[in-house]
Amino acid sequence: MNATPHSDDALVLYGQRFQSRLLLGTSRYPSPAVLEAAVARSKPAMVTASLRRQGSNAAETGSDFWALLKRLNVPVLPNTAGCMRLQEAITTAQMAREVFETPWIKLELIGDDYTLQPDTLNLVEAASILIKDGFQVLPYCTEDLVLCQRLVDVGCQAVMPWAAPIGTGRGPVNPYAMQTLRERLDVPLICDAGLGLPSHACQVMEWGFDAVLLNTAVALSPDPIAMAGAFADATAAGHAAYRAGTMQAQDMAQPSTPVLGTPFWHQSN
Amino acid sequence: MTLQILLNNQATALPEGATVAVALAQLQPRPPFAVAVNTVFVPKGQYESCHLKTGDKLEVISPITGG
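Keep in mind that this is a model prediction, so the values were computed, not measured. (Residues numbered from 1 in each chain as written. Chains lettered and ligands numbered in written order. Predicted model: local features only at pLDDT ≥ 70, side-chain atom pairs only at ≥ 80, totals over all residues. Heavy atoms only, no water.)

1. Some points on the overall build of chain A
Item 1. Looking only at helices and strands, one finds nine helices and 12 strands in chain A.
Item 2. In chain A, buried positions account for 52% of the 269 residues.
Item 3. The long-range share in chain A, meaning contacts at least 24 apart out of those at least 6 apart in sequence, stands at 66%.
Item 4. Counting only carbon and sulfur atoms, one obtains 52% of the accessible surface of chain A, whose full area is about 12,800 Å².
Item 5. One finds the centroid of the 18 positive side-chain charges in chain A at a distance of 3 Å from the centroid of its 25 negative side-chain charges. (Helix = DSSP H or I, 4+ residues; strand = E, 2+ residues; numbered from the N terminus. Buried < 20%, exposed > 50% of the residue type's maximum accessible area, 1.4 Å probe, protein only. Contact = heavy atoms within 4.5 Å. Areas by Shrake-Rupley, 256 points an atom, 1.4 Å probe, with all protein chains shown as cover. Lys, Arg positive; Asp, Glu negative; His and termini not counted. Charge placed at Lys NZ, Arg CZ, Asp CG, Glu CD.)

What follows is the structure, encoded as structure tokens:
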């Protein structure tokens, strides 16, 4: 249960080592300066970005954002957010590879625009196509064990199950399934989406997840910079606890201080 | 003669035989960007050789914040 996946304790994805186990989204911050400071505070392994038509959101797109990404000097993980058809996701990934000059892709293929639940049937096929095309795919998926296994079978060297729907901040809604993933799969698990509190991040890391990816919980905090730091600390703490190994919970109380020699132990009047 | 395409969802007239490179010269997007025609990716090395026809949908996209 508490195996240490790598002797030097680095997160390893597709053979690349990362010293941080936090991946941070770049959307919805009060300003680019706050985003930059949040990244500086939390030192994430990667930051996520997306693609849109120029001018579709002048405040968050274009050359200013590109300059900011370059300034951050953190690996960029492009996503295929908003794609609801297999071909859209494939094309967006190919465009992202050219724009960001990276084979990394966070594969999002949405099947339901109310819950933003992944289209799990097409997700496996999309992942298979992209991996054959040379991509390093990190698929956003549900916590379904068989789905995650199929993604591994087609070549995904890590999977990214959600804790809860994107942007809800509800924390893990299916702890049993998430813990089962750790017990059954040997690839890195990155909890992607639905985390609202640093304690949520700590929890999934204590279960043996290898990293967390989050955005909204930091960006919409009244103090995103401090919250970015809190998530970084919580993620590291949860991972340290997993490596240390946890005690077995039990029903009966046990004194933590030895009772032998207690001067007034069970003394009668 | 002109051909009519949708360039980032805007109706756009181009000279007959226009390529992706011609369309981009008209739009003048700020780099970096990438292009797809009818949801199929067009690598930058093919802008000069990829000819457009009436009804084509050309998308030019750039980096944006994302989660």
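Having seen the model, we can carry on.
2. Quick word on the sheet that holds strand β6 (residues 104–107) of chain A
Each strand in a sheet pairs with another by means of backbone hydrogen bonds, the pair being arranged parallel or else antiparallel.
Residues and elements named next belong to chain A.
Item 1. Strand order across the open sheet formed by three strands is β6-β9-β10, with parallel pairing between neighbours. The open sheet is flanked by β6 and β10 (160–161), the only strands paired with a single partner.
Item 2. In this structure, strand β9 (residues 136–141) lies alongside β10, joined through two bridges in parallel fashion. Across the sheet, the residue bridging to cysteine 141 is proline 161, located in β10. (Pairing = 2+ DSSP bridges.)

3. Focus on the environment of alanine 236 of chain A
All names here are of chain A.
Item 1. By secondary structure assignment, the location of alanine 236 is in helix α9 (residues 224–244).
Item 2. By relative accessible area, alanine 236 is classed as partly exposed at 46%.
Item 3. Along the backbone, alanine 236 and arginine 97 are 139 residues apart, and their C-alpha atoms lie at a distance of 30 Å.

4. Some thoughts on the pattern of salt bridges
Residues and elements named next belong to chain A.
Item 1. For the structure on display, the rule yields 12 salt bridges over all chains.
Item 2. Measuring nitrogen to oxygen at the nearest pair gives 3.0 Å for the salt bridge that ties aspartate 9 to arginine 243. Note that aspartate 9 is positioned in the segment before β1 (11–13) and arginine 243 in helix α9, a separation of 234 residues in sequence.
Item 3. On the basis of relative accessibility, which here comes to 28%, the residue arginine 243 falls in the partly exposed class.
Item 4. We note a salt bridge from glutamate 88 to arginine 85, for which the minimum N-O separation is 3.2 Å.
Item 5. Given a relative accessible area of 57%, arginine 85 falls into the exposed group.
Item 6. The structure contains a network of salt bridges with shared partners spanning Asp9, Arg21 and Arg243. (Salt bridge = Lys/Arg side-chain N within 4 Å of Asp/Glu carboxyl O.)

5. Some points on the interface of chain A and chain B
Note on interface size: it is often stated as the accessible area lost on association of the parts.
Item 1. Taken together, the contact pairs 29 residues of chain A with 25 residues of chain B.
Item 2. Summed over both partners, the interface of chain A with chain B buries about 2,400 Å², with 59% contributed by carbon and sulfur atoms.
Item 3. When the buried surface of chain A facing chain B is broken down by residue, Arg53, Gln54 and Glu98 of chain A rank first, second and third, together holding 31% of it.
Item 4. For the pair chain A and chain B, the number of links is one salt bridge.
Item 5. Between arginine 53 of chain A and glutamate 59 of chain B there is a salt bridge; the shortest N-O distance is 2.7 Å.
Item 6. Our count for the chain A to chain B interface comes out at 11 residue pairs in polar contact (both at pLDDT 80 or more).
Item 7. Put simply, the parts of the chain that give the side of chain A that touches chain B at least two residues each are β4 (46–53), α2 (63–72) and α3 (86–100) of chain A.
Item 8. Take the side of chain A that touches chain B: its biggest share by element is seven residues, from α3 of chain A.
Item 9. Residue composition of the side of chain A that touches chain B, grouped by class: eight nonpolar, 15 polar and six charged. (Buried area = accessible area lost by both parts, 1.4 Å probe. Polar contact = N/O pair within 3.5 Å; in protein donor to acceptor, adjacent residues only side chain to side chain. Nonpolar A, V, L, I, M, F, W, Y, C, P; charged D, E, K, R; others polar.)

6. So, the UniProt feature "active site" (unreviewed entry) in chain A
Item 1. UniProt tags Lys106 of chain A as "active site" (unreviewed entry).
Item 2. On the accessibility criterion, lysine 106 of chain A (3% relative accessible area) is buried. (UniProt positions renumbered as here; feature names shortened; annotations may be inferred.)

7. Side note on the confidence of the model for chain A
Item 1. For chain A, the average pLDDT comes to 93, and 93% of its residues sit at 70 or higher.
Item 2. Low confidence marks residues 1–6 of chain A, where pLDDT is under 50. Its contacts with residues over four positions away, or in another chain, come to 12 contacts. (pLDDT = per-residue confidence, 0-100.)

8. Considering the packing of aromatic side chains
Residue and element names in this part refer to chain A.
Item 1. Per the stated rule, a full pass over the model turns up five aromatic pairs over all chains.
Item 2. Each ring, one from phenylalanine 18 and one from tryptophan 104, has its centre 5.9 Å from the other, and the planes form 75°; the classification is edge-to-face. Highlighted residues: phenylalanine 18 in strand β2 (residues 16–18) and tryptophan 104 in strand β6, separated in sequence by 86 residues. One exposure class covers both phenylalanine 18 and tryptophan 104, and it is buried.
Item 3. Ring geometry for tyrosine 140 against tryptophan 162: centres 6.4 Å apart, planes inclined by 75°, an arrangement best described as edge-to-face. Within this pair, whereas tyrosine 140 is found in strand β9, its partner tryptophan 162 is found in the loop between β10 and α6 (175–184), the two being separated by 22 residues in sequence.
Item 4. Take tryptophan 162: its relative accessible area is 8%, and that puts it in the buried class.
Item 5. Through successive ring pairs, a cluster of aromatic residues spans Tyr14, Phe18 and Trp104.
Item 6. Here the basic side chain of lysine 106 rests over the ring of tyrosine 140, its NZ or CZ set 5.9 Å away from the ring centre. (Phe/Tyr/Trp six-rings, centres within 6.5 Å; stacked < 30°, edge-to-face > 60°. Lys NZ or Arg CZ within 6 Å of the ring centre and 35° of its normal.)

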